[in-house]
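Here's the letter readout for the chains.
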Amino acid sequence: TRCSRDWSSDVCSSDLTLTQSGTDSYGGATELGVNIGRLLLLDNHTYTTTTSAQYRVVRLNTQLIYDEPEDLRRWTFGDAVATGGELGSSYNFAGINLSKLYQINPYFVKQPLAGFAGAVALPSRVDIYMNGARVQTENVAPGTFNLQNLNYRGATGLNNLEYVITDPFGREQRISSAYFYSDQLLAQGLHEYSYSAGVMRQNFGAVSNDYGAAAISGFHRYGVTDRLTLGVSGDATRDHLNIGPVMTFNTVKAGVISAAASVSHDSDVTSARGAAVSFNHNFQSGPFSSQLLVRRLTEDYTVINPPTSNKPKLQGTAGVSYGTGNTGTFNLAYTYQSVYGGAIDQRATTLGYTRTIVSNVSISANVSRVVRTDASGYAAFINISYFPANGLTAGFSHVKSAQGDVADQMQISKTTPIGEGLGYRVFAQRSVTSGTVSESIAPF
């Protein structure tokens, strides 16, 4: 793929797909970016050819972005992706989006961190220990003091904190507490939101300008306290409404609990009212971590972009993992999914292992027993990654599905440096699906 300098093109990529009969198609993508002050114009296109020598150009996204860095807020005009929360819809649309985007300031910490308040009669030193290691020292004046935003190298999960207060005469006072660090919550008083309004795009990636019904969607979360975040999410069209509350709570010693509920109503269908609930629990302490997710939906529950068939009924995941630098990480997971009608009910048990063999070589592998309504079998995955130098990565993976399909993938990449510089990626794949062999290479 050739990128014209006159277009001020930022990124160019291409791919080649081969079958047993020879060259089947070529494809490429370009991105044009123009920045003027706080305004950024982005435009993406894809280009493909077929064996019949047809040449096809498809416009993906054209958007004008305006950032307000002082308020960490972003306006997007044009094409974007709208989201109505965990139990809502995600869809491509053309219109307006307003988002609170903390990533605009990479140094801003939105999640709550540990804090410690107390009082001293004399000038004192406070040494802060995390899991037995001293991570911070503060000098405090006589009177009350309040130490905030205490963290160490991005610690996550459950950690034991100890505060040692030493006065000028060497007398010590030790106070211990536990704190669970999680990026799922918002610090007290912070808002996080995304609101979208426009018309939905249909056949995205295949047709440039195919628009459907008008729609609105969004979510809004607020840090009530450092341990409790509440919010609401939903989406709507002329004939559809979906809305419900969300909650995230830090129990500290028992991990983080998240829950969501939603109700839907469709006026174009008689008595089409449905409901859905979701529960999620995450825990991590040292080398051990666990996760539990359960989602239940009634048959009449709908979203803006409902599945064409096999409406989900019950979804669940439970998993545990344990790992250290010397032994690697072991994980065991069980997933379950049922749909209305029972056409493709599925459950799977997966055992996985990841380890860094030497300083620049790592391996990860897993094997799954998959049981479906229509068929059962074993699936496997193995990946070897090699990091020969800073920013360079080479990897190979082999995948086998429960249906017997296989795919071999190889990738070589270099991360784009900060500022100006070159980054690249070459991805090659050979797959066998239902007896059909396909080979592709995609440089970027």
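How each quantity is defined
Residues numbered from 1 in each chain as written. Predicted model: local features only at pLDDT ≥ 70, side-chain atom pairs only at ≥ 80, totals over all residues. Heavy atoms only, no water. Helix = DSSP H or I, 4+ residues; strand = E, 2+ residues; numbered from the N terminus. Buried < 20%, exposed > 50% of the residue type's maximum accessible area, 1.4 Å probe, protein only. Contact = heavy atoms within 4.5 Å. Areas by Shrake-Rupley, 256 points an atom, 1.4 Å probe, with all protein chains shown as cover. Lys, Arg positive; Asp, Glu negative; His and termini not counted. Charge placed at Lys NZ, Arg CZ, Asp CG, Glu CD. Core = buried A, V, L, I, M, F, W, Y, C linked by side-chain atoms within 4.5 Å. Salt bridge = Lys/Arg side-chain N within 4 Å of Asp/Glu carboxyl O. Pairing = 2+ DSSP bridges. Phe/Tyr/Trp six-rings, centres within 6.5 Å; stacked < 30°, edge-to-face > 60°. Patch = residues over 30% accessible without salt bridge, like charges linked within 9 Å, V, L, I, M, F, W, Y side chains within 5 Å. pLDDT = per-residue confidence, 0-100.

## Concerning the overall build of the protein
Thought 1: In terms of helices and strands, the protein carries 0 helices and 28 strands.
Thought 2: Seen through its C-alpha atoms, the protein measures out along the principal axes to roughly 90 × 60 × 55 Å.
Thought 3: Here the protein holds 444 residues, and the buried ones make up 34% of them.
Thought 4: Considering only contacts within the protein whose residues lie at least 6 apart along the sequence, 43% involve residues at least 24 apart.
Thought 5: Summed over its atoms, the accessible surface of the protein is roughly 25000 Å², and 56% of this surface lies on carbon and sulfur atoms.
Thought 6: Separation of charge centres in the protein, based on 32 positive and 33 negative side chains, amounts to 6 Å.

## Looking at the nonpolar core
Thought 1: Residues Val126, Phe145, Leu147, Leu150, Leu161, Tyr163 and Tyr181 are the most contacted members of the largest nonpolar core, which totals 17 residues.
Thought 2: Ignoring sequence-local partners within four residues, the contact set of Leu161 consists of Ala114, Tyr129, Met130, Ile175, Ser176, Ser177, Tyr179 and Tyr181.

## A word on the pattern of salt bridges
Thought 1: Summed over all chains, the structure comprises 16 salt bridges.
Thought 2: Among the ionic pairs, Lys110 bridges to Glu192, the shortest N-O distance being 2.7 Å. Of this pair, Lys110 sits in the loop between β6 (90–100) and β7 (114–120) while Glu192 sits in strand β13 (residues 191–201); the two residues are 82 residues apart in sequence, bridging distant segments of the chain.
Thought 3: What makes Lys110 partly exposed here is its relative accessible area of 23%.
Thought 4: Residue class for Glu192 comes out buried when judged on its relative accessible area of 12%.
Thought 5: One connected set of salt bridges, linked through shared partners, spans Arg59, Asp79 and Arg201.

## Some details on the pairing of strand β14 (residues 211–223)
Thought 1: The pairing of β13 with β14 spans 10 bridges and is classified as antiparallel. Within β14, the residue paired with Val199 across the bridge is Ala214.
Thought 2: Here β14 runs beside strand β15 (residues 228–236); their pairing, made up of 8 bridges, is antiparallel. Bridging from a neighbouring strand, Ile216 pairs with Ala236 of β15.

## Points about the packing of aromatic side chains
Thought 1: Summed over the entire model, instances satisfying the criterion amount to 10 aromatic pairs.
Thought 2: Between Tyr102 and Phe108, the aromatic rings sit 5.2 Å apart at their centres with planes inclined by 15°, giving stacked as the arrangement.
Thought 3: Relative accessible area serves as the criterion here: at 6%, Tyr102 is assigned to the buried category.
Thought 4: Residue Phe108 is classed as partly exposed on the basis of its relative accessible area, which comes to 33%.
Thought 5: Centroid distance Tyr193 to Tyr195: 5.6 Å. Interplanar angle 25°. Geometry classified as stacked.

## Quick notes on the side chain of Ser290
Thought 1: Positionally, Ser290 belongs in strand β19 (residues 288–297).
Thought 2: Ignoring sequence-local partners within four residues, the contact set of Ser290 consists of His281, Asn282, Phe283, Gly319 and Val320.

## Quick look at the side chain of Ser397
Thought 1: Checked against the element boundaries, Ser397 lands in strand β25 (residues 392–400).
Thought 2: Overall, Ser397 belongs to the buried group, its relative accessible area being 5%.

## Some words on the environment of Thr349
Thought 1: Checked against the element boundaries, Thr349 lands in strand β22 (residues 346–358).
Thought 2: On the basis of relative accessible area, Thr349 is assigned to the partly exposed category, the value being 37%.
Thought 3: Distance in space between the C-alpha atoms of Thr349 and Val140 is 54 Å, their sequence separation being 209 residues.
Thought 4: The residues touching Thr349, leaving out its near neighbours within four places in the chain, are Leu332, Ala333, Tyr334, Val367, Ser368 and Arg369.

## Things to note about the environment of Ser309
Thought 1: In this structure, Ser309 sits in the loop between β19 and β20 (312–324).
Thought 2: On the basis of relative accessibility, which here comes to 43%, the residue Ser309 falls in the partly exposed class.
Thought 3: Along the chain, Ser309 and Gln148 lie 161 residues apart, while their C-alpha atoms are 51 Å from each other.

## Some thoughts on a nonpolar patch on the surface
Thought 1: A surface patch of nonpolar side chains, about 560 Å² in accessible area, is lined by Val34, Ile36, Leu39, Leu41, Leu64, Phe77 and Ile96.
Thought 2: If you list the elements that add at least two residues to the nonpolar patch, you get β2 (22–36) and β3 (39–49).
Thought 3: Its location among the elements puts Ile36 in strand β2.

## With respect to unusual backbone geometry
Thought 1: Within the chain, Asn203 stands out as a residue other than glycine whose phi angle is a positive 55°.
Thought 2: The residue Asn203 is located in the loop between β13 and β14 in this model.
Thought 3: We note that Val252 has phi near 70°; this positive angle belongs to a residue other than glycine.
Thought 4: Along the chain, Val252 turns up in the loop between β16 (240–250) and β17 (256–266).

## Some details on the confidence of the model for the protein
Thought 1: The predicted model of the protein averages 87 in pLDDT, with 91% of residues at 70 or higher.
Thought 2: The weakest mean pLDDT in the protein belongs to strand β1 (residues 9–19) at 50; the strongest belongs to β19 at 96.

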